[in-house]
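Okay, here's what each chain looks like letter by letter:
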Amino acid sequence: MLEKLVKESRALEKAIAGEDLTYDDGIELMSYDNLYMLGAAADLIRQKKVGQQVTFAASYYLNYTNVCAASCQMCAFYRKGNESDAYALSAKDIEGRVAMAKNLGATEVHIVGGFHPDLPLEYYEEMFKTIKTSHPQMHIKALTAAEIFFLARLTKNSVKEVLTRLKTAGLDTMPGGGAELFHPDIRNKIVRGKCSGQEWLDTIEQAHNLGIKSNVTMLFGHIEKPEHIIDHLVKIREVQKRTKGFLTLIPLKFSLDNTELEKKGLVTSESSSTYDLRVTAVSRLMLANQLDNISVYWVALGKKLAQVALTYGGNDLVGTAFSEEIYRAAGKGTNSSIIELANMIKEIGREPVQRDTFFNILKKF
Ligand code: SF4
């Protein structure tokens, strides 16, 4: 039935047949007028790849500092070092927070922060060693490729040297943040003082080559055009073909409140729910043959739209996001229990599964 209906779109026909889509196919799908059909095709491919299960991790977010040498126009989180609410956690603070994470049932700590200009590489090494000494089973998913690149520049080490030292200290995997959108036309308008898209990609490829797997994100719903979304997905696909190091793509809906883009009137409202669903579906279709997991970040979408996005190609809810602060700074309520996430999935007739960071099954509900 679906095969007959998609005949009106050559790109959808190719997707259903299991062929890789080209850049031009992606552009076509970003403006394809039958959103329902787009979602149905993405859902069909999701079903073929990963079946009915929807996964999530019990994840504790730890933002070690909000001090940042950069000042991105899309960010509501950063502070300058002299502001009254600027902070940087000590290794002891962090150990206490990881103990809390463990009590909440978290299996991973997701550690990211600003580009602190005064913290040496030893700060991060001590952080990871302290966590692994007290909580050897806790998975450390830490530092985006953008933070690693900053640290390399700051400490005058190569990216490879920084990654190697941090891996030795206990770094297990890396989160996907800092990717934003790779295309320079957009990136230069939404970030200030952060690595280029190519530098992000080169850094993550080096991490993958050292055996450090990662996620990858895509920040959408601000000032981008369809070609910037497709460019981003094609570049992810190219790295993935070489390294197989990405675990999931997490499309992140831009959250407006308290950002410079909002204050300057450059973005006046957040993206529509139909656009959010289109981005989810096109992500699934463009990466169908390279990446099994397309995550739906419920913190950014809200729980109800996240449920719908799970029927537009999504198969993962990322995690419980215990203690998340970055979206909170941009006006989004966060935090959910394991049971709440499992119930969200049951409500749409799918099978909830708690996973570890590598998408191994830990528990079915
Ligand atoms: S997005 Fe990251 S790098 Fe940019 S200002 Fe915010 S904390 Fe700093």
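The rules we used
- Residues numbered from 1 in each chain as written.
- Predicted model: local features only at pLDDT ≥ 70, side-chain atom pairs only at ≥ 80, totals over all residues.
- Heavy atoms only, no water.
- Axes fitted to C-alpha atoms, helices over the stretch in contact; angles between N-to-C directions.
- Helix = DSSP H or I, 4+ residues; strand = E, 2+ residues; numbered from the N terminus.
- Parallel < 35°, antiparallel > 145°, perpendicular 65-115°, else oblique.
- Left-handed = near helix turned anticlockwise from the far one by under 90°.
- Contact = heavy atoms within 4.5 Å.
- Nonpolar A, V, L, I, M, F, W, Y, C, P; charged D, E, K, R; others polar.
- Buried < 20%, exposed > 50% of the residue type's maximum accessible area, 1.4 Å probe, protein only.
- Pairing = 2+ DSSP bridges.
- Right-handed = clockwise from strand over helix to strand, strands pointing away.
- Expected span 1.5 Å × (residues − 1).
- UniProt positions renumbered as here; feature names shortened; annotations may be inferred.
- Polar contact = N/O pair within 3.5 Å; in protein donor to acceptor, adjacent residues only side chain to side chain.

Caption draft 1: Inspection of the packing of helix H10 (residues 197-209) against helix H11 (residues 226-243) at higher detail. Taken N-terminus to C-terminus, the directions of H10 and H11 make an angle of 20°; their axes are 10 Å apart at the nearest point. The angle between H10 and H11 falls in the class roughly parallel. Viewed along their axes, H10 and H11 form a crossing whose handedness is right-handed. Contacts from Leu-201, Ile-204, Glu-205, His-208 and Asn-209 of H10 reach H11 at Lys-235, Val-239, Arg-242 and Thr-243. Split into classes, the residues belonging to the contact of H10 with H11 amount to 3 nonpolar, 3 polar and 3 charged.

Caption draft 2: Here's a closer look at the pairing of strand S3 (residues 108-112). In terms of burial, S3 is largely enclosed, as 5 of its 5 residues are buried. Of the two faces of S3, both are covered, the one formed by Glu-108, His-110 and Val-112 as well as the one formed by Val-109 and Ile-111. Relative to S3, strand S2 (residues 59-63) runs parallel, the two being bridged by 5 bridges. Of the residues in S3, the one forming a bridge with Asn-63 is Val-112. Viewed along the sheet, the connection from S2 through helix H5 (residues 91-103) into S3 turns out right-handed. The sheet contact formed by S3 and strand S4 (residues 139-142) spans 4 bridges and is parallel. From the neighbouring strand, Ile-111 faces S4, where its bridge partner is Ala-142. In terms of handedness, the path from S3 via helix H6 (residues 121-134) over to S4 forms a crossover that is right-handed.

Caption draft 3: Region of interest: helix H4 (residues 35-50). Spanning 16 residues, H4 covers 22 Å between terminal C-alpha atoms, matching the ideal 22 Å at 1.5 Å per step. Among the residues of H4, Leu-35, Met-37, Leu-38, Gly-39, Ala-41, Ala-42, Ile-45 and Arg-46 are the ones counted as buried. Phi for Gly-51, located one or two positions after H4, is positive at around 70°.

Caption draft 4: Spotlight on the environment of Ala-15. Residue placement: Ala-15 occurs in helix H2 (residues 10-16). Along the chain, Ala-15 and Leu-285 lie 270 residues apart, while their C-alpha atoms are 6.3 Å from each other. Once residues within four sequence positions are removed from consideration, Ala-15 is found in contact with Leu-21, Ile-45 and Leu-285.

Caption draft 5: Quick look at the UniProt feature "binding site: S-adenosyl-L-methionine" (unreviewed entry) in the protein. Following the UniProt record, one finds the feature "binding site: S-adenosyl-L-methionine" (unreviewed entry) at Glu-180. With respect to the element layout, Glu-180 can be found in the loop between helix H8 (159-169) and helix H9 (184-190). Assessed through its relative accessible area of 7%, Glu-180 is described here as buried. Among the polar contacts made by the side chain of Glu-180, one reaches the side chain of Lys-194 at a distance of 2.5 Å.

Caption draft 6: Molecular detail of the side chain of Thr-203. In this fold, Thr-203 is placed in helix H10. For Thr-203, the contacting residues outside a window of four places in its chain are Ala-145, Ile-148, Phe-149, Val-159 and Leu-163.

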